[in-house]
Amino acid sequence: MIRVNGRSVALDDPGESLVEFLRRKGDKSCKVGCGSGSCGACSVLVTAGQGVGSGTVKSLNACLAPVATLAGCEVVTSKGLGNSKAGFHPIQERVGAFHASQCGFCTPGMVVACHAAKEKARAGGKQSTANGVHDTHHSGSNGDSSRGSEGDLQAMEHGLDGNLCRCTGYRPLLDVAKSFVPGVDIEDLGLHSPLDSAEPGSVTSAAATCNNGSSQALSVGEVEGSGKLWLFPESISELTGHLSRDSLTGHGSGLHSELWPLAPVVISVQRVREMRGVERQQDTLLVGAAVTIAELADALSSKVHIAANTGSSASSGTAALGSESPFAAMAAVLRRVAGTHVRNAATIGGNLVLARCHGLESDVATLLSGWGATVHLISGAGACSGEAAAGSATPVLDFVTATGSLEPGVVITRVTLPLPTGADFFWCHKVAPTYSNTHSIINAAFKLTLASSQPSSSAAPSSEAGEATALPLVSSATLVFGYPGPSGWVCQRATGAEKALTGCQLSLESLVAALQAVVMDLSPAPDMQQYCRGTAQGLLLQALAPLLRRAERDLPPAVARLLQVPQAAPPAPVKGSQRFEAASEGSAPVGLPIEKDRVRLQASGEAVFSADIPMPSDGLHAAFVTSTQARAAIAGIDPSAALELLGVVAFISAKDLPKQRNLISYTMLRAPDEPIFADERGEATAAAQAVQVQYADIQPPIVTIPEAVKAGRLVASPFSTGAKSVGDAQGALSLAELSLQGMELEIPSQYHFYMEPQVTLCVPDEGGSMKVYSSTQCAEVVQEAVARALGLRLHDVNSICRRVGGGFGGKVSRSIPVATACAVAADTLGRPVKLVLDSNLAETPGVASVLPTRQGVEELHDQTSMSPSTGQPDAKPSDMALVGGRQPLKASYSVGFTREGVIQGLDIKCWLMTGAYTDSSFDAFSVKEGLEMCYAIPNMRVEVQICRGTLPPFTAMRGPGKTQATLLMEHVLDSVAAACGLDSTLVRERNLAKLPEGPQEDGIEGMVQFTFADPMFNKPIPAVDYTLPQLWRRLKESCDYNSRLKEVEDFNASSPWVKRGITITHSRFDTFIPSKPAAVSIFGDGSVLVYAGGAEIGQGLTTKVKQVAIMELSKVLPPSSGHIPLDLVRMGDNTTYVLPRGYMTAASTTSEAACAGVRKACLELVTKLKPFAEKLGEEATWEAVVLAASTAGGAFDSCKVLLVACSTFDKAELAAGSPKYVLFGAACTEAEVNVLTGERQVLRSDLMIDCGKSMNPAIDIGQAEGAFVQGLGCFLSEEVVYDPDSGRVLTASPWHYPIPTASSIPRVFNVELLPGVRYDRGLLSSKAIGEPPTLLAASAFFAIQAAVRAAREELQLAQPGAALRADSLDSLPDMSPTSVVDINESRAAAGAGGHRLAQGLVQVPANVKHVKEALGPVDIAAHLKRKAQKGS
């Protein structure tokens, strides 16, 4: 049995995951997002039952937890914490109050994570663990608990490190968590509605929420069901007995999510007493192998230790650990492993076994190896032979690097760590794409044993004793690194560097020798050599420089400065402001920051998504059978093996669909994959992998733009035919004072990473009709596609979608193949069918390099586990593998300019790549039309060419084309500024279009001219609409740009290894308002039902529509009555049966258009109701007016007035006469870079955005923050990588695709909606907001670029910066060397390349590897040596 939210539930399949179990039992608040423990959408609270660790409350990922392991435990979901019937939990209430939910799919998991963090803090700093109680309270440096110390705020923020959110940008979610820190001033946090009366610390505990927490603790020895047996020994002797069973095969392989569902017999060691403790034994710390990473981190950072629970009192068994500093350093890195929920479940022993057997990029292995820990093994043989010999101890490093799998039945029982002594020095660190919830790119652990030595001859006298300082003698050194090698992850000692240190005084000479040696110690993968070797030097310097500074004081000043190294620290708590103009009088509730519609249902998990709709009893699950070759002919498909599997019902292919119906009217929408169907989702996935596909004419895939151009795979498009130009670009280039020739930029694809995967449920209805529940941004096109495929009329297909768990453009067209395949199957089989694309691609864990790139993918392809029956990769298709993201771009440009940075001529050629077939041309159109931004360049030529690869079709993504165009154009301006030696912000100002000067003619409005003057988006635009100058000026003043620029320069002058940059960029977004239908019905009791054209995808459409409806309907009443209550209006589902022409939800203006349609319908109803209100006079109430209009004289009489209105917003009704308009924004970002490792942090971002008069400032600010952070992902961390041999996507899981986490956002995050502006020609003077702020994230990229240039300047790296990915550009035409040419120099010198520009260009995205590589091949040892020689 297991208790779920206070109710006992029987277990029937022990191998089922907890998330599947909960959802099957009806609790849909536990969402299935990534399925790999990275997103946190499935987070639950678990209270341990009887035995070791009983009573412990912790959060877990339900997708990674076998339900059998929770037998006898209490499980609490977000719905169990609070719900609409029992009352909402204070955390859920505050999610609404702080506007901390948008699409809502991740919100229940966030609530659970916040509750878990609060529970840990509520215990007064004492967290109950398996082995007792540890002190885990971290107080801030100010020690002021009354105001909420920084340490307390950091701890609450860190509690959300295992949860991802793609919508909000995290800031409001962090504010929710911090609002529960005792003593915190709520007003210091972000924008929020008035809070409930609950005290900040009065969060109800999980146990008290579930029927008073009275659960019967169960002692479970085994769980059996569905042909599977799970065993739970409670002692080592029981464990060895189970291990010796004849029926047991395999070995202690760790609890990996791809392994345990298939095993017939599984032994869980989570209740073995001897393996669940952390205790001191003489000079050794014994750590049970079943101790979790979180428990070990707590123990290592504690001053006291409690032995394993043996029934004694909690105060027994305490022992001081002595010097805890080395262990505290180890604990700090352990707290960065994965996310909180994973650390709460993952064990030390399991992590080490996965590191050995599956190549896991393990921080635990590196830390323990560096400290000199050992592992102890047993097997069922009792006195074991071989590796698990009785009484033997194996060094951790030897264990994880041993070749071959473990012997059958071998299990790690414990790990032993020698206790630290006064002579021990320990330092460790991990470098990762984000601070937490991602694996390391490189990690390190260093242990030195130091002894006193003779005074240094060069040492200065001690300030206290007047004696020379003694340089410490390194009696032993252990330097361990983990990094990607040619064949997978490597954990090894740097023996050369160890030799350089051991037996020597720790001096500048020995340090330099070690830095020189460590470069040769490492053997990284070819594409990682420069990064890993340079970073290894940097890590060693960070570790040893402070020791040397303290010991050897009489160093040359230049050398002493270089020994000022950065030290790792957790990100500071996020703070910021949200500013906006107060709402106009009489417009309420429009203009007010009211809470999102049904936000509390989202927080409790009661909000229904498409995947939550109950499956009918006879329903089937489907899975795609996907090609394993990107460029081949299908010779045959044999599903016979799959059809023999238990539960498999059918295989559907193109043969089951008449040829004339196997075509969607949109040529961009095709579905080449074949689905297979089974009773259970897992059975369908397994069957899909068993289908045998034969290929012919296999050719190398085309995965890059140069390959596509070389192959001549060019796509004709009206948006890519011919060049667009103004003036004479080539002539201006030839006459310019300075020019940059052949500059290059590549922007890789970015994946949408919506939290809710693609999903469709199709239910056959009477007469051959079909109900289609699809997570889509375009219900209308789903309806049309399904109708065509089934040969039905449109009125036979009802496409329904209540809400979408994130879309960002990925569910405009790419939801259609999923819906169509599902509908064909449902129609063919006559049964309901559900098709869900997994968000995680199953692959052999740890085979791929940590940053999969072209040189690192061969090993993954060769080592992927193969099915012997099919010869195909044993992998399931994933959402990330089947749906392409943002179109990749490659560009070459030449620019001519004055010495003041004014551009005189610019010639740009761009290539955009589609997939195997063209999905859309949004990007090509937007790049061509949007490159000019707000710059006025007299001579400019733009050419855009589309080419076709053999990849999943790329599609629209938030700001399609405009995002790439913005980064490219700002790259031009940034390069010009660097060539001129000027501040990039100043150069941008000098090139911006100016407002018209002088008096204007009467009645004629001034116009602003940008670079191009074509009529596509009404260019030029009225001067009154050109708000960028006002935005720019206000932003510079509010963020104090000039003073901060000087501060950055001063900081860089004083800091050798950390550099900062600051810059301002702008955004221009051209859009339009489409026509949208609406339907509004008023019921007899006064309640209102509204249907609006558009999908609620988290952008707040339904909330704004409700506000507009209430504002307009309230006009029925006297002005003194105020507006009608918000809860009188309910939004109906997006359904084609009610609104058949809803168009797509895109272009950031759907909310405006939907509001316009509803407003028109409401005004029609107001006209009908006004006469009744006038008769009632000043005493009229809404209910009375509606009642008067509803009936003639009795309950059965006909209505006097039909209170239903349907309308369509006509764009011609706008005051401007055109639905097109332009909006602007600007952002100032400051960032810093660790020169030694490439780590970067966005310190502060200030956003200033013109969205007209906001309908709801809370929603608009939330959209701005979320879009900006998604842009940070595009420019700083996200990159889709493909296998060049097979075309398979290598970044098809969150483990290899790092989107921004809560630690990635600016530490100071300010957003202001430009006040005092109106857009009277639009709807209610409002403007779009959803996409434009994405473009502003370019400011962060160029702030990092500025920091890199500052570092290169100090390092005196004058060599030319390589063009971005120049090695892959050989096949592109018209590419010349990157150069800066002075027109006054001879033409011969110019032709030879002239003076090369020392730039150090950062490759997109600006991740740690690319930043470090842009810094150049810095030899720190040689640099130190040069400075020492100059100093002497």
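Look up a bit, the structure's there.
Chemist: Explain empty space enclosed by the protein residue by residue, including any values.
Modeler: Evaluation of the coordinates by the stated rule reveals 15 cavities of 30 Å³ or more. If you add up the space inside the second largest cavity, you get close to 150 Å³. Around the second largest cavity, the lining comprises 18 residues; the ones closest to its centre are Arg802, Glu1096, Thr1102, Met1131 and Gly1132. Elements supplying a minimum of two residues to the lining of the second largest cavity: strand S40 (1088-1092) and helix H33 (1101-1113).

Chemist: Run through the sheet that holds strand S20 (residues 575-579), naming residues and quoting values.
Modeler: Sheet strands associate in pairs through backbone hydrogen bonding, adopting either a parallel or an antiparallel arrangement. Taken together, 5 strands build an open sheet; the order of strands is S20-S46-S45-S44-S38 and the sheet is mixed. Since the sheet does not close on itself, it has two edges, and those belong to S20 and strand S38 (1058-1072), each with one partner. Mean inter-strand twist for the sheet, computed between neighbouring axes without regard to direction, equals 15°. Inspection of the sheet shows strand S44 (residues 1220-1234) paired to strand S45 (residues 1240-1249) by 9 bridges, in the antiparallel sense. Bridging from a neighbouring strand, Ala1226 pairs with Met1248 of S45.

Chemist: Quick one: what's the story with the sheet that holds strand S12 (residues 284-288), residue by residue and with numbers?
Modeler: Spatial ordering of the open sheet is given by S11-S12-S15-S13-S14, a layout of 5 strands whose pairing is antiparallel. A single partner strand is all that each edge strand has here, and the edge strands are strand S11 (278-281) and strand S14 (394-395). Where strand S13 (residues 374-378) and S14 come together, 2 bridges link them in antiparallel fashion. By the bridge assignment, Thr374 is partnered in S14 with Pro395. The strands that helix H12 (residues 348-358) touches are S12, S13 and strand S15 (411-418); relative to S15, the one it contacts most, it runs at about 105°.

Chemist: Give a detailed account of the pattern of salt bridges, specifying residues and quantitative values.
Modeler: With the rule as written, the count across this model stands at 57 salt bridges. The partner of Asp12 in a salt bridge is Arg24, with the nearest N and O atoms 2.8 Å apart. Separated by 12 residues along the polypeptide, Asp12 in the loop between strand S2 (7-9) and helix H1 (18-24) and Arg24 in helix H1 bring together distant segments of the chain. Looking at Asp12, the relative accessible area reads 34%, which means it is partly exposed. In this structure Arg24 comes out as partly exposed when scored by relative accessible area, which is 40%. With a closest N to O distance of 3.9 Å, Glu932 and Arg1068 form a salt bridge. Of this pair, Glu932 sits in the loop between helix H28 (922-930) and strand S35 (940-948) while Arg1068 sits in strand S38; the two residues are 136 residues apart in sequence, bridging distant segments of the chain.

Chemist: Any chance you could break down the nonpolar core for me, citing the residues and the numbers?
Modeler: Counting residues in each nonpolar core, the largest one holds 254 residues, and the members touching the most others are Phe481 and Leu541. No other element matches the 11 residues that helix H17 (residues 529-551) contributes to this core. Ignoring sequence-local partners within four residues, the contact set of Leu541 consists of Leu511, Leu515, Pro546, Leu562, Leu563, Val565, Trp1057, Leu1236, Ile1420 and Leu1424. Counting 56 residues, the second-largest nonpolar core is a separate cluster that includes Ile267, Val272, Ala365 and Val411.

Chemist: Explain the packing of H12 against helix H13 (residues 363-371) to me, and be specific about the residues and the numbers.
Modeler: Where H12 contacts H13, the axes come no closer than 8 Å and their chain directions differ by 100°. Between H12 and H13, the angle falls in the class roughly perpendicular. Every residue of H13 that contacts H12 at Ile348, Asn351, Leu352 and Ala355 is listed here: Val364, Ala365 and Leu368. Residues belonging to the contact of H12 with H13 are distributed by class as follows: 6 nonpolar, 1 polar and no charged.

Chemist: Explain the environment of Gln1107 residue by residue, including any values.
Modeler: Tracing the sequence through the fold places Gln1107 in helix H33. Between the C-alpha atom of Gln1107 and that of Ser587, which follows or precedes it by 520 residues, the distance is 9.5 Å. Beyond its immediate chain neighbours, meaning those up to four positions away, Gln1107 contacts Pro589, Val590, Gly591, Leu592, Ile594, Met1255 and Asn1256.

Reading the values: rules and limits
Residue positions are counted from 1 within each chain, in the order its sequence is given. Where local features are concerned, this predicted model is filtered to residues with pLDDT of at least 70; where side-chain atom pairs are given and counted, the filter is 80 or more; whole-chain, interface and lining totals use all residues. Each side-chain value is derived from all of the structure's non-hydrogen atoms; neither hydrogens nor water enter the calculation. Using a 1 Å grid laid over the protein atoms alone, points where a 1.4 Å probe fits but cannot get out form a cavity; open sets with protein on both sides within 12 Å along at least 5 of 7 lines form a pocket; any residue with an atom within 4 Å of a point counts as lining. Grid points are joined across faces, edges and corners, and a volume is the space filled by probe spheres set on the points. Numbering of helices and strands starts at the N terminus; helices are DSSP runs of H or I of at least 4 residues and strands are runs of E of at least 2. The criterion for strand pairing is that DSSP finds at least two bridges linking the strands in question. Here, axes are lines fitted to C-alpha atoms. For helices the fit covers the stretch in contact, and angles between N-to-C directions go from 0 to 180 degrees. Contact definition: two residues touch when any of their heavy atoms are within 4.5 Å. A pair is scored as a salt bridge if a Lys or Arg side-chain nitrogen falls within 4 Å of a carboxyl oxygen belonging to Asp or Glu. To sort residues, take the accessible area from a 1.4 Å probe on protein chains only and compare it with the maximum for the residue type: under 20% means buried, over 50% means exposed, and anything in between is partly exposed. Think of a nonpolar core as a cluster: buried Ala, Val, Leu, Ile, Met, Phe, Trp, Tyr and Cys residues, connected wherever their side-chain atoms sit within 4.5 Å. Roughly parallel refers to an angle under 35 degrees, roughly antiparallel to one over 145, roughly perpendicular to one between 65 and 115, and oblique to any angle outside these ranges. Nonpolar residues are Ala, Val, Leu, Ile, Met, Phe, Trp, Tyr, Cys and Pro. Charged residues are Asp, Glu, Lys and Arg, and all others, Gly as well, are polar.

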